[in-house]
Amino acid sequence: MPNLPESMELFRRASKVIPGGIYGHASPAAGLPGAFPYYAEKANGCRYWDVDGREYLDFMCGYGTISLGYGNPIVEEAASRQRKKGSVFNHPSAVMPELAEKLTELVDFADWAVFGKNGSDMTSWAIQVAREFTGRKKILKVQGAYHGVDPWCTPGSGGIIEEDVSHIHSFPWNDLDAIQTLIARHRGEIAGLILTPFHHPAFGDSQMPEKGFLPKVQKICNKEEILLILDDIRAGFRLAVGGSHTVFDFEPDLACYCKALGNGYNISATLGREHLRIAATKVFLTGSYWNDAVSMAASLACLGEIQASNLPAHLEKVGSLLINGLSRAASEYGFKMVFSGPPAMPFMRFQDETNFFKLQRFCALAANEGVFLHPHHNWFLSAAHDELAITQAIEAARRAFAKLSEEL
Ligand SMILES: Cc1ncc(COP(=O)(O)O)c(C=O)c1O
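Because the structure is a prediction, the values reported are computed rather than measured.

What counts and how
- Residues numbered from 1 in each chain as written.
- Predicted model: local features only at pLDDT ≥ 70, side-chain atom pairs only at ≥ 80, totals over all residues.
- Heavy atoms only, no water.
- Helix = DSSP H or I, 4+ residues; strand = E, 2+ residues; numbered from the N terminus.
- Buried < 20%, exposed > 50% of the residue type's maximum accessible area, 1.4 Å probe, protein only.
- Contact = heavy atoms within 4.5 Å.
- Core = buried A, V, L, I, M, F, W, Y, C linked by side-chain atoms within 4.5 Å.
- Domains from an automatic or database assignment.
- Pairing = 2+ DSSP bridges.
- Axes fitted to C-alpha atoms, helices over the stretch in contact; angles between N-to-C directions.
- Near = heavy atom within 4 Å.
- Polar contact = N/O pair within 3.5 Å; in protein donor to acceptor, adjacent residues only side chain to side chain.
- Areas by Shrake-Rupley, 256 points an atom, 1.4 Å probe, with all protein chains shown as cover.
- 1 Å grid on protein atoms, 1.4 Å probe; cavity = no way out; pocket = protein on both sides within 12 Å on 5 of 7 lines; lining within 4 Å.
- Sits in = over half its atoms within 2 Å of the grid points.
- Nonpolar A, V, L, I, M, F, W, Y, C, P; charged D, E, K, R; others polar.
- Buried area = accessible area lost by both parts, 1.4 Å probe.
- Salt bridge = Lys/Arg side-chain N within 4 Å of Asp/Glu carboxyl O.
- Parallel < 35°, antiparallel > 145°, perpendicular 65-115°, else oblique.
- Left-handed = near helix turned anticlockwise from the far one by under 90°.
- Points joined across faces, edges and corners; volume = space filled by probe spheres on them.
- Disulfide = S-S within 2.5 Å.

A. Highlighting the environment of glycine 262. Within the secondary structure, glycine 262 is located in the loop between strand E9 (254–257) and strand E10 (268–272). For glycine 262, a relative accessible area of 2% puts it in the buried group. Measuring from C-alpha to C-alpha, the distance between glycine 262 and alanine 297 comes to 8.7 Å, with 35 residues separating the pair along the chain. With residues up to four places along the chain from it excluded, the contact list for glycine 262 reads Val75, Ile267, Ala298, Ser299 and Cys302.

So, in C-alpha cells, the structure goes:
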C-alpha cells in the first residue's frame, strides 16, 4: 500500500506539539489510517496533491468547502483584489451589505443576512435567536444529525455536562409522529426545530425526505409557533441556486449556510425572515475575524458563479455519471453498490455489507489508484469535475474493484 513518508514524518512531529496530531474530521482515525494521506500540499480544480507528491482526483472537495473547484480563477481574482485593499479593519467593508443583498436576492424567503466563519457559529446563533424570539428553551433536532461542535449538538462527549443538552430533544428523520409526541410532551416550551434538507449522517445511508415531510414539519411548526431552522450548511447552493428548501417545497424561518459559499474562503451565513429581525439584533454576534472582507468578496464572486453557471445542474449531471459508472464498474467484478442522497453529494456502500470493512478496503485501494473517495461520509462534486475527470475516476475505481475482487 502507499508509501507516505512525508505524511508520516509530519504526523510524528505534530503528535508531539498538537494533541492527537491531527484532530476533528481530518484525524487519521476518522478516515483510513495509513491508506489516506495525512497532509495536503496543493490543489487545483478537482485534484490535489499530498506532501509525498501523490495526486488524487478529489471527491471530498475539502469536505464540501470547495464548490467551484480549487483555485477557481473568478473567486481568486475577487479575493486578491480585496486583499490588496485589506482584509480585517475596524469596521466592516462595503462588501458586507453587498453580500447580504446578494444572498437575500437569491434566497426567496430571506429578508436579512448575518455572517460568521463556520457552520457551528451559525447553527448555535440561530437556536439562540429562536430562544430569544419565543422566550422558550427547548430545541428539537433529528437523531444523528450533525449541526457542529458546540455543546448543545456536538457528537463528542468530552467536556459536556448534562445541562448542555437538557433542553435538546431528538426525533428520527421522517417521523412526524415522533415530532408530534415531543410537541405534546413539551407544548409551549419549544423554541425551534432544526433540520437539514435531507438526512446525511456519517457511517450511514443518506435519507431523502418522504414526500410532504418537510412541508408538514413547517405546518406543525407554524401552528405551534416553533421556529423552523434549516441547516443548509452542507447542501446549500449544491441542490438549488435558491437554497435547498426550494427543492423540497417548504419555507424555513431561518437558514444557515456555509460550505459552498466561499469556495475555500471561510464564511458562513444565517438568513432570516422579517419578523425575526429584532430578535436577531438582540443575540450578540461577533468575532475577531468575522468582518473579513476577503472572504466576503470571495463569497460574492462564488455566489455569482454558482448562479451564472447553474452549479446545481452541473453537480447533478456529473454526480449521476459518477454513480452510474461506479455501479457498472462494480458489477463487472460481481459487486453491487447502493447509492443514497442526491447525486451532487452521494453516499456509497456495498449492498451486502453490514460493517464498513469492504468499503474501507475499496476506498484504500481507490486512493492508491489516485481517487479520493471516503468510506464513511457523503462525497462532494464541484464545478471543476468534468466528464474527463469522472471517466478517469471510474477507470481508477475499476482497477480498485478488480484488486478487491482478487483479494476476497
Ligand atoms: C449539516 C452541517 N451542519 C453544521 C456543520 C458545522 O459546520 P462547521 O464545521 O463549519 O462548524 C456541518 C459541518 O460539516 C454540517 O455538515
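B. Up close: the nonpolar core. Grouped together as the largest cluster of nonpolar side chains are 107 residues, with contacts concentrated most on Phe59, Leu193, Leu195, Phe237 and Phe362. The two domains that each donate at least three residues to this core are domain 1 (5–70 + 311–407) and domain 2 (73–309). Apart from residues lying up to four places away in sequence, phenylalanine 362 is in contact with Met348, Phe350, Leu373, Ala397, Ala400, Phe401 and Leu404. Core analysis: the next-biggest nonpolar cluster, separate from the first, contains 24 residues, Trp125, Leu227, Leu276 and Ala279 among them.

C. Expanded view of the sheet that holds E9. Spatially, E4-E10-E9-E8-E7-E5-E6 is the arrangement adopted by the seven strands of the open sheet, whose pairing is mixed. Across the chains shown, the open sheet's two edge strands, defined by having one partner strand only, are strand E4 (112–116) and strand E6 (168–171). On average, each strand axis in the sheet is inclined to that of its neighbour by 20°, with strand direction left out of account. Two strands pair when backbone bridges link them, and strand E5 (residues 138–142) and E6 are joined in this way by four bridges, in the parallel orientation.

D. Highlighting the site of the ligand. As a matter of local geometry, the ligand sits amid Asn118, Gly119, Ser120, Tyr146, His147, Gly148, Thr196, His200, Asp231, Ile233, Arg234 and Lys259. At 2.6 Å, a side-chain N or O of aspartate 231 approaches a nitrogen atom of the ligand. Here an oxygen atom of the ligand sits 2.9 Å away from a polar atom, N or O, in the side chain of arginine 234. Protein contact buries 86% of the 390 Å² of open area that the ligand shows by itself. Among the detected pockets, the ligand sits in the largest pocket. Class assignment for the residues of the shell around the ligand results in two nonpolar, seven polar and three charged.

E. Inspection of the side chain of serine 7 at higher detail. With respect to the helices and strands, serine 7 occurs in helix H1 (residues 5–17). With sequence-adjacent residues up to four places away left out, serine 7 is seen in contact with Pro37, Tyr38, Tyr39, Val51 and Asp52.

F. The side chain of asparagine 263, seen in detail. Mapped onto the secondary structure, asparagine 263 falls in the loop between E9 and E10. A polar atom in the side chain of asparagine 263 sits 2.9 Å from the backbone nitrogen of serine 67. Looking at asparagine 263, its side chain comes within polar contact range of the main-chain nitrogen of leucine 68, at 2.8 Å.

G. The domain arrangement of the protein chain, seen in detail. Split by domain assignment, the protein chain resolves into domain 1 (5–70 + 311–407) and domain 2 (73–309). Each of domain 1 and domain 2 has a C-alpha centre, and the two are 27 Å apart. The interface of domain 1 with domain 2 comprises 24 residues on the first partner and 24 residues on the second. Contact between domain 1 and domain 2 buries roughly 2100 Å² in total, counting both sides, with carbon and sulfur atoms accounting for 60%. Taken as a group, Leu68, Pro312 and Met345 account for 25% of the area that domain 1 buries against domain 2, more than any other trio of residues on that side. Where domain 1 meets domain 2, there are one salt bridge. The shortest N-O distance in the salt bridge between arginine 349 and aspartate 205 comes to 2.7 Å.

H. Fine view of the packing of helix H2 (residues 73–85) against helix H9 (residues 293–309). Two numbers describe how H2 lies on H9: the axes approach to 8 Å, and their chain directions differ by 150°. The angle between H2 and H9 places the two elements in the roughly antiparallel class. Seen from above, H2 lies across H9 with right-handed handedness. Across the interface between the two elements, Ile74, Val75, Ala78, Ala79, Gln82 and Arg83 from H2 touch Ala293, Val294, Ala297, Ala298, Ala301, Cys302 and Glu305 from H9. Of the residues in the contact of H2 with H9, the class split is ten nonpolar, one polar and two charged.

I. The pairing of E5, seen in detail. Of all the five residues making up E5, five are buried; the element is thus mostly covered by neighbouring parts of the structure. With burial as the criterion, each face of E5 is covered, one bearing Lys138, Leu140 and Val142 and the other bearing Ile139 and Lys141. In this sheet, strand E7 (residues 190–195) lies alongside E5 in parallel orientation, the contact comprising four bridges. Each bridged residue has a counterpart across the sheet, and for lysine 141 the counterpart in E7 is isoleucine 194.

J. Geometry of the layout of surface pockets. Its boundaries defined by the atoms lining it, the largest pocket holds a volume of some 1200 Å³. Lining the largest pocket are 45 residues, and of these His25, Tyr146, Gly148, Arg234 and Lys259 lie nearest its centre. Split by residue class, the lining of the largest pocket holds 18 nonpolar, 21 polar and six charged. Two domains each donate at least three residues to the lining of the largest pocket, and these are domain 1 (5–70 + 311–407) and domain 2 (73–309). There is about 550 Å³ of room inside the second largest pocket. Ranked by the residues each element gives to the lining of the second largest pocket, the list is headed by strand E1 (residues 40–44), at three residues. In terms of residue class, the lining of the second largest pocket is made up of 16 nonpolar, six polar and two charged.

K. Region of the structure containing the state of the cysteines. Overall, the coordinates contain zero disulfides when judged by the stated rule. You can see cysteine 221 has no disulfide; the closest cysteine sulfur is in cysteine 256, sitting 14 Å from it. For cysteine 221, a relative accessible area of 1% translates into the label buried. In this model cysteine 256 remains outside any disulfide bridge; the closest cysteine sulfur is found in cysteine 258, 9.8 Å from its own.

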